[in-house]
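The residues making up each chain are set out below.
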Amino acid sequence: MTNHWVDIKNADLVLVMGGNAAEAHPCGFKWVIEAQTRRKAKLVVVDPRFTRSAAVSDFYAPLRSGSDIAFLGGVINYLLDNDKIHHEYVRRYTNVSYLVREDFAFEDGIFSGYDAAQRKYDRESWDYEIGEDGFVISDPTLTHPRSVYRLMKQHYARYTPALVKDVCGTSEEDFITVCEAIAATATPDKTMTILYALGWTQHTTGSQTIRAMAMIQLLLGNMGRVGGGINALRGHANVQGITDMNLITNMLPGYLRLASDGEQDWQAYLDARSPKPLRPNQMSFWQNFPKFRVSLAKALYGGAATAENNFRYDWFPKLDKPYDVLQMFENMHQGKMNGFICQGFNPLAAVPCVQKVGEGLAKLKFMVVVDPLVTETSEFWANYGVYNNVEPSGIETEVFRLPSTCFVEENGSFTNSSRVLQWHWKAADPPGEAKSDLQIIAGIFYRLRRLYEQEGGTFADPVTNLTWDYGQPLAPSPEELAKEFSGRALADLPDPKDPTKILVKAGDQLAGFAQLRDDGTTASGNWLYCGSWSQDGNLMARRDTADPSGLGFYPQWGFAWPANRRVLYNRANCDTAGKPWDATRQTIAWNGTRWAGNDVPDMRPDAAPELDVGPFIMLPDGVGHLFALKGMAEGPLPEHYEPFETPLGINPLHPENPLATSNPGARLFEYDAKQLGSAEDFPYVGTTYRVTEHQHFWTKNVRSSAVLQPSQFVEVDEELAAEKGIAAGDLVKVTSKRGRILAVAVVTKRLRPLDVHGRRVHTVGIPIHWGFVGVAKPGFLANRLTPFVGDANSQTPEFKAFLVNVEKV
Ligand SMILES: Nc1nc2c(c(=O)[nH]1)N[C@H]1C(S)=C(S)[C@@H](COP(=O)(O)OP(=O)(O)OC[C@H]3O[C@@H](n4cnc5c(=O)[nH]c(N)nc54)[C@H](O)[C@@H]3O)O[C@H]1N2
Ligand SMILES: Nc1nc2c(c(=O)[nH]1)N[C@H]1C(S)=C(S)[C@@H](COP(=O)(O)OP(=O)(O)OC[C@H]3O[C@@H](n4cnc5c(=O)[nH]c(N)nc54)[C@H](O)[C@@H]3O)O[C@H]1N2
Ligand SMILES: [Mo]
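Residues numbered from 1 in each chain as written. Chains lettered and ligands numbered in written order. Predicted model: local features only at pLDDT ≥ 70, side-chain atom pairs only at ≥ 80, totals over all residues. Heavy atoms only, no water.

Asker: Could you give me a rundown of the sheet that holds strand E8 (residues 192-196), with the residues and numbers involved?
Answerer: Here we have 5 strands laid out as an open sheet, ordered E3-E2-E1-E8-E9, and parallel in their pairing. Each having just a single partner strand, strand E3 (59-61) and strand E9 (230-232) make up the two edges of the open sheet. Pairs of neighbouring strands in the sheet enclose a mean axial angle of 20°, with direction left out of account. Each of strand E1 (13-17), strand E2 (42-46), E3 and E8 is contacted by helix H8 (residues 172-183), which is oriented at about 130° to E3, the strand it contacts most. Its contacts with the sheet place helix H10 (residues 206-219) against E1, E8 and E9, and it is angled at close to 170° to E8. (Pairing = 2+ DSSP bridges. Helix = DSSP H or I, 4+ residues; strand = E, 2+ residues; numbered from the N terminus. Axes fitted to C-alpha atoms, helices over the stretch in contact; angles between N-to-C directions. Contact = heavy atoms within 4.5 Å.)

Written out as structure tokens, the structure is:
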């Protein structure tokens, strides 16, 4: 979230699109109700299903799953056509007037630089025109044909209400009603918040859908504003924390991008990640990259990392390609992996295409499952007739189960969607032989290191030299780790303004990331968390309910990254002179000498408005990107592409160009390309989701949850049910090209058929929570049905739109 949970109460319009917050985030949803009741805010829900969120909305519009870019592209077109944009904001705080390179092009669904054989773009031309002074060239008149404004306007002129109806199946009347509600927040005194989750991310076009909404929020002047922003409602209680720690292969903690194979030179690696400002006076925040990166190396390798050895750059992995979850299971399926440590993860249930995952697990020599529970994954070897090429008796994978504690049985921190770190305290002793995840990881590391020390091995240095100075090496405490991530001074740190003074004494905890140095005198495991455990102690444990502004910032509750800031980009809540757009909802303001107010400024505190430092300081040009430059895999302007399994067979925007049917930048493995079905055999859109009564695949172990939602059901609309002779309660078989499940039919008005591009499209709704372990009725994993293909940028699987058939059994 750029904003935070409580801030939802400050919105004039709450748009829930690409998520079902009432069902999946019922506690946080109270802030939507606050906004509705106290502020008379409106709630608009756009979802293929009439959900529990829709049930309390002021307006609901349906759309076909996987068509949101067409819808949002239509909104952009509407805002531009009807001049519903926040003019000063857009001119000064976005790249609307910048010129794009001459060789940039877009033709029949494909941007310049496409290599069809590799399914990849060379993004070179997706860039600005740069002047001789090294700064970007702009045209404040917005008339230049290559200004971002003209390119954007031309791109979205195609997205008319008629096109939205044709692609999304939403009536023009409903679409215009949503547009009008959104457009009403273009004035400086109104803001809209958008709450989304998997309905947007779990598509091969997920990242671009979110970008399209970011463009809308910029056009409306809603970024950096109280009651505004782009708000991803995260999943597990601590999934924001896991993202910040970057337990993925292409990032280091704090979103520090890892080196690629070609980047063997330390200085060149640093330079590539600390871009120079593209406008006069601009600060480009990532120029601090070396401070964060060196401090991380010091946290990991202490005295062994010095300036002379480039802080052991050679010990850090370099990537030949990203190893996301899909790539990992592809490798496993190809038999390229021997072992797999599976901690707090139930991939057989959670990853698409159970058959492929099961066949992959069967090719391992060993698997270690670290979990408090028995899971489908730990029992995969039973093969309940799913992996066609594998006989249970032929599976030789040795499975070790290490029972772990659950978060309530240990101290630690949670980072919620608001970026707020909150400390939690152990509530119960773990049962039986369970050990904490920390003890298990430490135990594995400690023994591995001993083996390396005793026997040597390939590239042992990064393991044998890792700093491990915890009180009990086999059981580091959560407190020790939290302090290490926050960071400390390794030498006396002189005050940069007055070198005769010492700012921080050697050994002291740092107050925040501004104190980090690139010379090896500071250590911090994650710059974003720097200051969360300062000399004042554990700020994550703060529980002060003071809220001086009345806007719900609660500055002394926990610790929000970065720097305890509650609203990101908050400089943009003021006009160019530094005066808040809306005095009743103010984050910070220019007081004549400094930026100050209710929140921690997202700006150099003494940067006077006259300097015209852009509010988006994480970007080298300091402005919000309507044109995304090279950041996105499939193009700098979001374009509608069909799901990889499309009910239409073509992209209505580019019917003649098969390259542009589905996302041309998405990766598709050879094996899975053969596992895609077509509408002739599988005529209905399948979509998977959650219900409030279960948490994924674990609460089926809990009797009360199992009683509330005992077994797999699927939802079908009344028209389809009549056509297929399906009555409520009937057992039905749902099949996709990859597999089948049996389920109880729920016949409902909440799903309705939509007329899309000359076809009647029915959606079959498939909740995901059941499997073959636990106390709920044994059944089939929903992911027997889903395709193994992901978003071009995040590789999030396309769980929300695929093709199925449904028949009465
Ligand atoms: N009770 C409970 N709460 C949970 C969880 C749980 O398992 N149980 N899981 C947690 C986790 S890890 C996560 S990630 C979150 C997920 O939170 P959500 O994303 O809110 O959950 P889902 O139910 O997967 O899907 C949300 C909605 O997206 C809609 N949708 C599907 N396709 C599209 C589309 O193309 N466009 C639009 N606009 N909408 C679409 C679906 O109809 C569904 O209503 O929930 C968290 N909260
Ligand atoms: N078709 C379809 N598939 C989906 C989704 C969908 O919408 N549709 N949603 C996807 C999403 S968003 C998510 S997040 C995934 C979820 O997928 P997973 O994260 O794999 O599923 P969970 O069941 O939430 O959790 C995995 C395991 O963590 C264990 N666990 C709980 N606490 C601890 C702990 O403290 N330590 C350890 N070691 N283990 C612990 C639980 O017992 C559980 O077995 O599923 C994904 N799969
Ligand atoms: Mo999730």
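Asker: Any details on H10? Residues and values, ideally.
Answerer: Between its terminal C-alpha atoms H10 stretches 20 Å, which fits the 20 Å expected from 14 residues at 1.5 Å a residue. Among the 14 residues of H10, 13 are classified as buried, and the element is accordingly described as predominantly covered. Looking one or two residues past H10, Gly 221 carries a phi angle of roughly 70°, positive in sign. (Expected span 1.5 Å × (residues − 1). Buried < 20%, exposed > 50% of the residue type's maximum accessible area, 1.4 Å probe, protein only.)

Asker: Any chance you could break down the domain arrangement of the protein chain for me, citing the residues and the numbers?
Answerer: Domain parsing of the protein chain yields domain 1 (6-97 + 141-233), domain 2 (240-318 + 477-539) and domain 3 (658-808). Between domain 2 and domain 3, the C-alpha centre-to-centre distance is 44 Å. (Domains from an automatic or database assignment.)

Asker: An account of empty space enclosed by the protein is requested, with residue identities and associated values reported.
Answerer: Evaluated as defined, the whole model comprises 1 cavity of 30 Å³ or more. The calculated volume of the largest cavity comes to roughly 30 Å³. Every residue along the wall of the largest cavity is listed here: Val 16, Gly 19, Asn 20, Ala 21, His 25, Leu 195, Tyr 196, Ala 197 and Leu 233. Partitioned by chemical class, the residues of the lining of the largest cavity number 6 nonpolar, 3 polar and no charged. (1 Å grid on protein atoms, 1.4 Å probe; cavity = no way out; pocket = protein on both sides within 12 Å on 5 of 7 lines; lining within 4 Å. Points joined across faces, edges and corners; volume = space filled by probe spheres on them. Nonpolar A, V, L, I, M, F, W, Y, C, P; charged D, E, K, R; others polar.)

Asker: How would you summarise the site of ligand 1 if you had to cite specific residues and measurements?
Answerer: The local shell around ligand 1 holds 33 residues, among which Asp 47, Gly 66, Asp 68, Arg 690 and His 694 are the closest. The separation between a nitrogen atom of ligand 1 and a polar side-chain atom of Ser 65 is 2.9 Å. In the environment of ligand 1, an oxygen atom lies 2.7 Å from a nitrogen or oxygen atom belonging to the backbone of Gly 66. For ligand 1, the protein covers 95% of the area, taking 920 Å² as the surface of the free molecule. Taken together, the elements giving at least two residues each to the shell around ligand 1 come down to helix H1 (21-24), helix H9 (198-201) and strand E28 (684-689). (Near = heavy atom within 4 Å. Polar contact = N/O pair within 3.5 Å; in protein donor to acceptor, adjacent residues only side chain to side chain. Areas by Shrake-Rupley, 256 points an atom, 1.4 Å probe, with all protein chains shown as cover.)

Asker: Describe unusual backbone geometry, listing the residues and the values that go with them.
Answerer: A cis amide bond links Trp 561 with the next residue in sequence, Pro 562, at an omega value of -10°. Inspection of the secondary structure assignment puts Pro 562 in the loop between strand E25 (559-560) and strand E26 (588-590). A positive phi angle is found at Tyr 255, which is not glycine, with a value near 60°. Examined against the element boundaries, Tyr 255 turns out to sit in the loop between strand E10 (251-252) and strand E11 (256-257). Positive phi, close to 60°, is recorded for Arg 312, a residue that is not glycine. Arg 312 sits in the partly exposed class, given a relative accessible area of 26%.

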